[in-house]
Amino acid sequence: MSITAVAHPNIALIKYWGKQALPGNIPATPSVSITLDSLTSTTTVRPSETDQIHLNGEATADAKISACLEMLRADFSIEPVAIESENNFPTAAGLASSASGFAALITALAEFSDLGLTTEERTVYARKASGSAARSIFGGFASLGGPDWVGKPVLDRNDWPLKVVIAITDENRKSVSSSLGMKTSEETSPYYDAWVSSTADDYRAALEAIAARDFERLAVLSESSCLKMHGVMQSSLPAMIYWRPATLSCIHAVRELRSNGTPVFFTIDAGPQVKAVCLPEAVDKVAGELAAIPGVIATHTVGLGEGARLLEP
Ligand code: DP6
């Protein structure tokens with residue numbers, strides 16, 4: 001018997017970067033995200049003599065997946081399993097493959113091993129595996145904040161159907177994992193404390209902007225959160241400079257578009273790709289402008305997607 005689950009990446013508008021000095025992978029900053037459609041992690045779990053992990057068709061000894069199994073086995077009895085996970089988009093290139101991968105894995109394992117987890121509990125185990133994965137349990141807009149650090153649904157995707165144009169500026173795997181990058185920032189960036197303390201206000205304001213469907217307010221807050229996070233990354237030692245020249249060109253293009261009245265803003269995660277979030281009426285214009293920028297390898301236009309779910313056999 002095998003169980004398959006699918007989940008989509010999410011992109012944070014208010015970012016998680018840094019962890020509290022507590023067990024359970026508790027973020028230092030609350031975050032708000034949108035879950036995307038079209039990009040998909042599909043994860044199948046089946047019985048096996050020993051644990052086996054295949055990622056995109058290749059056997060791997062992925063340390064984070066092994067740690068996730070160990071974390072669940074501390075609370076539940078789980079037999080050896082074979083895990084196969086496929087992404088229909090580049091893995092670990094700043095497209096949040098760990099969020100969709102772990103949201104799908106926890107959802108599949110919970111069913112396979114009959115763990116009896118509530119949705120809320122699934123977000124907690126997903127968070128322990130990878131902080132951003134807690135948000136991919138939900139579709140549309142989702143949050144991960146204190147004091148309980150449980151993932152929560154914020155707004156259904158149909159209630160504000162934003163579009164996202166993803167501009168790919170580099171397809172190589174990133175060199176620094178988010179966990180290591182966060183630790184470096186915590187220990188070395190002189191801006192780290194200001195980043196953590198200022199994000200609480202951004203988080204509250206972004207939740208209000210989403211509730212009010214206030215695009216301009218959300219745009220200002222999201223771009224600010226993104227640039228503050230990259231300021232922390234770039235002021236860490238060693239510095240993490242994820243941007244390529246085309247990343248910066250896209251930032252300028254998006255700012256120019258918005259100053260001319262096009263409803264669009266940018267956000268960038270721990271990688272070189274730019275995600276331009278826009279209202280549906282602006283999507284063709286935004287996609288056309290970004291595709292024409294030298295150094296942009298491809299653009300993908302996506303909408304808001306559903307939460308992690310089981311696939312019927
Ligand atoms: C820049 O969730 O990958 O995408 O908890 O260590 O697995 P771990 O980190 P991860 O970090 C996400 C960082 C980010 C911002 C965000 O998604 O909020």
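Here the focus is the overall build of the protein. Check the secondary structure of the protein and you find nine helices and 14 strands. Dimensions of the protein along its principal axes, counting C-alpha atoms only, are 60 × 40 × 35 Å. Across the 313 residues of the protein, 56% fall into the buried class. The long-range fraction of contacts in the protein, counting pairs at least 24 apart against all pairs at least 6 apart in sequence, stands at 75%. Accessible area for the protein stands at about 13100 Å²; split by element, carbon and sulfur atoms hold 52% of it.

Another point: the side chain of Arg258. Take Arg258: it is sitting in helix α8 (residues 245–259). The class of Arg258 is buried, set by a relative accessible area of 15%. Excluding its chain neighbours within four sequence positions, the residues that come into contact with Arg258 are Glu216, Ala219, Val220, Glu223, Val264 and Phe265.

Reading across the sheet, the four strands line up as β2-β3-β8-β9 and stay open at both edges, with antiparallel pairing between neighbours. Each edge of the sheet is formed by a strand with only one pairing partner; in this case those strands are β2 (10–14) and β9 (150–155). Here the average twist between neighbouring strands, direction ignored, is 35°.

For the rest of this paragraph, the subject is the side chain of Thr29. By secondary structure assignment, the location of Thr29 is in the loop between β2 and β3 (31–35). For Thr29, the side chain forms a polar contact with the main-chain oxygen of Lys15, separated by 3.0 Å. Polar side-chain contacts of Thr29 include one of 3.3 Å to the backbone nitrogen of Trp17. Leave out the neighbours within four places in its chain, and Thr29 touches Lys15, Tyr16, Trp17, Gly18, Trp149, Trp195, Val196 and Thr199.

This paragraph deals with the domain arrangement of the protein. Many analyses report the size of an interface as the accessible area lost when the parts associate. Each assigned domain of the protein is listed here: domain 1 (3–158 + 306–311) and domain 2 (163–302). On a C-alpha basis, the centres of domain 1 and domain 2 stand 22 Å from each other. Of the residues lining the interface, 31 residues belong to domain 1; the matching set on domain 2 comes to 44 residues. Summing the contributions of domain 1 and of domain 2, the shared interface buries around 3000 Å²; its carbon and sulfur component is 73%. Inspection of the domain 1/domain 2 interface yields one salt bridge.

Let's shift gears to the site of the ligand. Not every one of the 18 residues close to the ligand is listed here, only the nearest: Tyr16, Lys19, Lys64, Ser130 and Ser179. One of the side-chain nitrogen or oxygen atoms of Tyr16 is found 2.6 Å away from an oxygen atom of the ligand. Between Lys64 and the ligand, the recorded distance is 2.5 Å, taken from a side-chain N or O atom to an oxygen atom. In the complex, the protein chains occlude 94% of the 460 Å² of accessible area that the ligand would expose alone. The biggest single contributor to the shell around the ligand is helix α5 (residues 178–188), with three residues. For the shell around the ligand, a count of residues per class yields six nonpolar, seven polar and five charged. Each of domain 1 (3–158 + 306–311) and domain 2 (163–302) contributes no fewer than three residues to the shell around the ligand.

Right, let's talk about the nonpolar core for a bit. One finds Trp17, Val286 and Leu290 to be the most contacted residues of the largest nonpolar core, which totals 35 residues. Mapped onto this core, the elements with two or more residues apiece are β10 (163–168), α6 (192–211), α7 (215–234), α8, β11 (264–267), β12 (274–278) and α9 (283–291). Broken down by element, this core gets its largest block of residues, six residues, from α8. Ranked by size, the runner-up nonpolar core spans 32 residues in total, among them Met71, Leu72, Ile83 and Ala110.

A few words on the sheet that holds strand β6 (residues 58–59). Read from one edge of the open sheet, six strands run β6-β5-β7-β4-β1-β14, paired in mixed fashion. Edge positions in the sheet fall to β6 and β14 (309–311), since each of these pairs with one other strand and no more. Sheet topology places strand β4 (residues 41–47) next to strand β7 (residues 81–87); seven bridges connect them, and they run antiparallel. Directly across from Thr43, in β7, lies its bridge partner Ser85. In the packing of helix α1 (residues 63–75) onto the sheet, contacts are made with β5 (52–55) and β7, and the angle to β7 comes to roughly 135°. Along the sheet face, helix α2 (residues 97–112) touches β1 (3–7), β4, β7 and β14 and points at about 35° away from the line of β4.

A separate point is the pairing of β7. The side chains of a regular strand alternate between the sheet's two faces. In terms of burial, β7 is a largely internal element, five of the seven residues being buried. As judged from the four bridges shared by β5 and β7, these two strands associate in the parallel manner. Across the sheet, residue Leu55 finds its bridge partner in β7, namely Ser85.

The rules behind these values
Residues numbered from 1 in each chain as written. Predicted model: local features only at pLDDT ≥ 70, side-chain atom pairs only at ≥ 80, totals over all residues. Heavy atoms only, no water. Helix = DSSP H or I, 4+ residues; strand = E, 2+ residues; numbered from the N terminus. Buried < 20%, exposed > 50% of the residue type's maximum accessible area, 1.4 Å probe, protein only. Contact = heavy atoms within 4.5 Å. Areas by Shrake-Rupley, 256 points an atom, 1.4 Å probe, with all protein chains shown as cover. Pairing = 2+ DSSP bridges. Axes fitted to C-alpha atoms, helices over the stretch in contact; angles between N-to-C directions. Polar contact = N/O pair within 3.5 Å; in protein donor to acceptor, adjacent residues only side chain to side chain. Domains from an automatic or database assignment. Buried area = accessible area lost by both parts, 1.4 Å probe. Salt bridge = Lys/Arg side-chain N within 4 Å of Asp/Glu carboxyl O. Near = heavy atom within 4 Å. Nonpolar A, V, L, I, M, F, W, Y, C, P; charged D, E, K, R; others polar. Core = buried A, V, L, I, M, F, W, Y, C linked by side-chain atoms within 4.5 Å.

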